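Okay, here's what each chain looks like letter by letter:
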Amino acid sequence: MTRASDLIGRAVTDGAGHPLGRVVDLVCEGTPPRVTAALVVRRGPWGRLLGYERPGEVRGPWPIERAARVLLRRDLITVPWSALRLAPLPDGEPPVAGPSPR
Amino acid sequence: MRARAWGAVAAAVVAVVWGGVGYLSTRPTDFHSYRVAAVGSAQSAYTGLVSGQQASRALAASRIPPPMATAMLGDSRSAIAGAQKRLARDAPPDERTTAMRDELAPLLLQADAAISGLEDAVAHGGAVELRARADAADPVADHLRRFVEEHG
Amino acid sequence: MKKFLGITLGILTAVGGFVDIGDIVSGSQSGARFGIAHVWVIVVGVVGICVYAEMAGRVTAISGRPVFDLVRERLGPRVALVNLLGSYAITVFTLGAELGGVALALQLLSSAPYLTWVPLVALLLWLALWRVRFETLERIFGLAGLALVVLVVGVFWLGPDVGALRHQALHPGPVPGETWATYWFFAIALFASAMTPYEVFFFSSGGVEEKWTPRDLVVARANVFLGFPLGGLLAFGFMVNAAVVYHPIGMRVDTLGQAVLPAGMALGELGIALIILGVFAATFGAAMETGLSAGYTVAQFFGWSWGKLRRPRSAARFHTTVLVSLLIGVAALLTTIDPIQLTEYMLIFSAVALPLTYIPILVVANDRHYLGDRVNGRLANLMGVIYLVIVVAAAVAAIPLMVFTRVGG
Amino acid sequence: MALLIGFDLLDRQILDRDGFPVGKVDDVELDDELRVVALLTGQRAFGRRIGGVLGRWIGAAAARLAEKEPRRIPYDAVDHVDAAVHLSVRAELLPPPALEAWLDQHLIRRIPGAGE
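Just so it is clear, the structure is predicted and the values come from calculations on it, not from any experiment. (Residues numbered from 1 in each chain as written. Chains lettered and ligands numbered in written order. Predicted model: local features only at pLDDT ≥ 70, side-chain atom pairs only at ≥ 80, totals over all residues. Heavy atoms only, no water.)

### Here's the deal with the interface of chain C and chain D
Point 1. With 32 residues of chain C in contact, the opposing surface of chain D contributes 34 residues.
Point 2. For the chain C and chain D pair, buried surface summed over both sides reaches about 3000 Å², with 58% attributable to carbon and sulfur atoms.
Point 3. The largest share of the area that chain C buries against chain D comes from R72, R313 and R317 of chain C, three residues that together contribute 22% of it.
Point 4. Scanning the region where chain C abuts chain D turns up 6 salt bridges.
Point 5. Between D69 of chain C and K24 of chain D there is a salt bridge whose closest N-O contact spans 2.5 Å.
Point 6. Run the count over chain C and chain D and you get 12 residue pairs in polar contact (both at pLDDT 80 or more).
Point 7. Elements with a contribution of two residues or more to the side of chain C that touches chain D: α4 (67–109), α5 (114–131), α12 (256–302), α13 (316–334) and α15 (368–371) of chain C.
Point 8. The greatest single-element share of the side of chain C that touches chain D, amounting to 8 residues, is contributed by α4 of chain C.
Point 9. Across the side of chain C that touches chain D, the residue classes tally to 11 nonpolar, 9 polar and 12 charged. (Contact = heavy atoms within 4.5 Å. Buried area = accessible area lost by both parts, 1.4 Å probe. Salt bridge = Lys/Arg side-chain N within 4 Å of Asp/Glu carboxyl O. Polar contact = N/O pair within 3.5 Å; in protein donor to acceptor, adjacent residues only side chain to side chain. Helix = DSSP H or I, 4+ residues; strand = E, 2+ residues; numbered from the N terminus. Nonpolar A, V, L, I, M, F, W, Y, C, P; charged D, E, K, R; others polar.)

So, in structure tokens, the structure goes:
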């Protein structure tokens, strides 16, 4: 059994092993919801995006929205789960899903 | 790694703050810092004394209940005691500040005596005596105020 | 008719509930030192709390979620935990100051020193929160807080120099002998006493408990837009009285006795009776609100069951948190720190902590997913952003000013 | 509309059928095909999720307080998700929160008037 907190925050690479960035959220489809993709951020510090990662949902006052975009996330990409590999954890624990590109 | 980095930052901040406070508190008192302390001491003594006078006059005119007057005179006494302690904490560094201390110290004693007099009058004196003692403290209050304005 | 009565009672409660030890101390001290040169700060603060409380009330009425629940959801657990520690510490700090205020008020009526009153007041407060229906408590203390009107009325009997007062109001800035740093220090203290975070925690948690629906927004808005400004008027009462009685003779206000004496000078023993009743009610009412708000912030962060209307056994963790917060408040006072000084420190740290909960609420008030079409309009967002700048500026400037002016010393 | 586990589930308040607060979604359990099977709530799950020194300390404190493992709420008990996660069952059917029961037992129950 995996936990969402084990996946969120993990560094990920693409099929060929090139680092993509870190997982910040998991996209699910269907009922019961099944993870089909991950929201990955190339750079950008910790922390949630105050809700701005949902396009169209939050049209916050522009200063906060701009600050959130600039400070918290440079660029957010959606990567299908099958197209990415989880990098091994720093203390060597084997990644959970998918073959690791060792 | 992150925990160690945060630990280092925290230790650095503590060191800087500790050093800063240490330096500030042991710095030799110069004219400016002594003057600021003296004026602060005079200000709180002045506030305490006048507040005691006002409370006594209000009680004499039976505009406030006796316990309130007693409580306010108690506050005045501790304000003046605090002023005396603050003045005595540093030694005056030069002759100008020594003159300031020699002017202020007796004033604080007179203010303290005035408050004690008011407390006695409240305890068992009549309204007339209370009002008289309050008026008797006016010169001390005016002198304290002049001290604050002159050196403030 | 019943709804009209509900609104008026709500407004009166907001009036009584708005004023607390922070307003009493910051109002009197700034009045004594600067006259009414800070009156514009009270106006800015009142408008600010109206903007903030209206947003929080609307978010709660539509989404059904209280402030601290949303703070964690929007900021993520780690950042929200830091936010919780800050907000909880400030709220318990304020609770201690309020209890101190109650004890000081009682000391003026009895010769017993205030410290002897503190444990008794705390026990009385806990029994009131535990046993008495909160609705009645809020009404009693809200209405009794109105007695502070005696200050606004009494000032005319003191023969105020209206010309001088008008000059002070129209020329905001330090008087001779004061510096801009102390002027801005007191401005931040006044602003923080008007925009107190715990009031919004309490207001929005009350909305959840009373199961507000969009239809209740009318009553909620009436409470906010009428109650808070009237409360601001009472806070101004302390400032103008100190400006008339103490400022001209260069005196300062360091004790509660000095803050309430002008009412005695103006209206005699009746004035004193009313003003002390008002101070007692305002600070005791605020102690109830801060006690509950301390429980609300922790319970809403961890998702526990909470609420003053819920029977204690079905909200054990919430009620334990309130009890523990009360004990911490009493402990803070028993360190013999002067409650007036404790209040000064509390105001400064409240100013620092305000953005922590203001920003998430401003964001959620724009979230269509929660509020549908009732998100912030252009005006609400404009005011929201203006106050975002003010709140962040005050938070940044608070501590440096406190250190530089040695707490306004 | 796609469901975001982090945004839509994590840290959201869980309410039972009658609106009684059950807890926060402190973590989400996925099976091997990464399907959402359960919501985890409680200090242990919260501690483990925020990690770091504080997280371990919270988790250890919860463990000592008789919370053997986080409370597990099967995902099919979830009715719908809006500003909160609404369950289709009553709170009594779910495993009781250890801290609540402990405090109720040792403290709150003993104070008169705790029942009404």
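Picking up where we left off.
### Examining the arrangement of the chains
Point 1. No other pair among the 4 pairs of chains in contact exceeds the contact count of chains C and D.
Point 2. Without any contact between them, chain A and chain B keep their closest C-alpha atoms 11 Å apart.
Point 3. Between chain B and chain D there is no contact; the minimum C-alpha to C-alpha separation amounts to 8 Å.

### Observations regarding the packing of helix α11 (residues 217–245) of chain C against α12 of chain C
All names here are of chain C.
Point 1. The N-to-C vectors of α11 and α12 enclose an angle of 155°; their axes lie 13 Å apart at closest approach. As far as their axial angle goes, α12 and α11 are roughly antiparallel. Crossing angle aside, the handedness with which α11 passes α12 is left-handed. Contacts from F238, N241 and V245 of α11 reach α12 at A259, P262, M265, I275 and V279.
Point 2. Looking at the contact of α11 with α12 residue by residue, the class counts come to 7 nonpolar, 1 polar and no charged. (Axes fitted to C-alpha atoms, helices over the stretch in contact; angles between N-to-C directions. Parallel < 35°, antiparallel > 145°, perpendicular 65-115°, else oblique. Left-handed = near helix turned anticlockwise from the far one by under 90°.)

### Section: the interface of chain D and chain A
Point 1. Contacts between the two partners involve 27 residues from chain D and, on the opposite side, 24 residues from chain A.
Point 2. When chain D packs against chain A, close to 2300 Å² is buried across both sides, 60% of that on carbon and sulfur atoms.
Point 3. On the chain D side of the interface with chain A, the three residues burying the most area are L4, F7 and L34 of chain D, jointly 27% of the side's total.
Point 4. Scanning the region where chain D abuts chain A turns up 1 salt bridge.
Point 5. One salt bridge in this structure joins R48 of chain D and D6 of chain A, with 3.3 Å as the shortest N-O distance.
Point 6. Our count for the contact surface shared by chain D and chain A stands at 12 residue pairs in polar contact (both at pLDDT 80 or more).
Point 7. Going through the elements one at a time, β1 (3–4), α1 (5–9), β4 (27–30), β5 (36–41) and α2 (43–50) of chain D are the ones with two or more residues in the side of chain D that touches chain A.
Point 8. Residues of the side of chain D that touches chain A, tallied by class, amount to 16 nonpolar, 1 polar and 10 charged.
Point 9. Sheet topology places strand β1 (residues 2–3) of chain A next to β4 of chain D; 2 bridges connect them, and they run antiparallel. The residue of β4 of chain D that forms the bridge with R3 of chain A is E29 of chain D. (Pairing = 2+ DSSP bridges.)

It is worth stressing that arrangement in space is one thing and function is another; only the former is reported here.
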